[in-house]
Structure formats: structure tokens, C-alpha cells
Amino acid sequence: MKKPVNRRFIAGAVCPACQKMDKLVMYREEGRLVRTCVCCGFEESLDTGTAPSNNASQTTIVTDRQN
Ligand SMILES: [Zn+2]
């Protein structure tokens, strides 16, 4: 029995091809993320090889407290 690919709908995402909302699903294939539209068949693979560096600035804790 073939196991179905674990697809996950992206809430609020708009398809760049057909402009429809909540039609994009994301799933993992061979270590990479693939984003596809169930409405028009748009498909895009997202490279996950490099971690986004701008995440570091979001987790910066400002310790500007004076005791
Ligand atoms: Zn689409």
C-alpha cells in the first residue's frame, strides 16, 4: 500500500499563478520543500539547504535594563 504524501495546506497563502487563496499545499520531497497549487498545478521547490540568516535578528534579546 502506497503511503500518501503528507501535504499541508498553507493558510492564507495566495497562489502566484492563479491568485487563489488557500489552494497552496506544501510537502517534503527528497529533503526539499515543494509548494504546489491544487487549483492550477503551479509548482515551486524551495531550497532548504541554507538557513535564513535574517532569523537571527528576530531572536535577539535586548537587555537594556538598568538596575
Ligand atoms: Zn494556482
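Residues numbered from 1 in each chain as written. Predicted model: local features only at pLDDT ≥ 70, side-chain atom pairs only at ≥ 80, totals over all residues.

### Details of the overall build of the protein
Move 1: Helices and strands together make up the secondary structure of the protein, namely 1 helix and 4 strands.
Move 2: Scanning the protein from its N terminus toward the C terminus, one meets helices and strands in the order β-β-β-β-α.
Move 3: Looking at the 67 residues of the protein, the share that counts as buried comes to 3%.
Move 4: Summarising the internal contacts of the protein: among those between residues at least 6 apart in sequence, 11% fall at separations of at least 24. (Helix = DSSP H or I, 4+ residues; strand = E, 2+ residues; numbered from the N terminus. Buried ≥ 20, exposed ≤ 12 C-beta atoms within 10 Å, placed from the backbone. Contact = placed C-beta atoms within 7 Å.)

### Some details on the pairing of strand β4 (residues 43-46)
Move 1: By the bridge criterion, 4 bridges tie strand β3 (residues 32-37) to β4 in an arrangement that is antiparallel. For T36, the partnering residue across the bridge sits in β4 and is E43.
Move 2: The hairpin turn running from β3 into β4, its antiparallel successor, is 5 residues long, and G41 in that turn takes a positive phi close to 90°. (Pairing = 2+ DSSP bridges.)

### Some words on the pairing of β3
Along any regular strand, the residues point their side chains to alternate faces of the sheet.
Move 1: Here strand β2 (residues 24-29) pairs with β3 via 6 bridges, running antiparallel. Residue pairing in the sheet places R28 in a bridge with L33 of β3.
Move 2: The hairpin formed by β2 and β3 contains 2 residues between the paired strands, and E30 there has a positive phi angle of roughly 55°.

### A word on the sheet that holds strand β1 (residues 8-9)
Move 1: With antiparallel pairing, the 4 strands of this open sheet are ordered in space as β1-β2-β3-β4. What marks the edges here is a single partner per strand, and that holds for β1 and β4.

### Side note on unusual backbone geometry
Of all residues except glycine, most have a negative phi; of all peptide bonds, most are trans.
Move 1: You will see that Q19, though not glycine, has its phi angle at about 65°, which is positive.
Move 2: In this structure Q19 comes out as exposed when scored by C-beta crowding, with 10 C-beta atoms within 10 Å.

### Description of the confidence of the model for the protein
Move 1: Of all residues in the protein, 66% have pLDDT values of 70 or greater, and the mean over the chain is 81.
Move 2: β1 holds the highest mean pLDDT among the elements of the protein, 94, whereas helix α1 (residues 55-58) holds the lowest, 47. (pLDDT = per-residue confidence, 0-100.)

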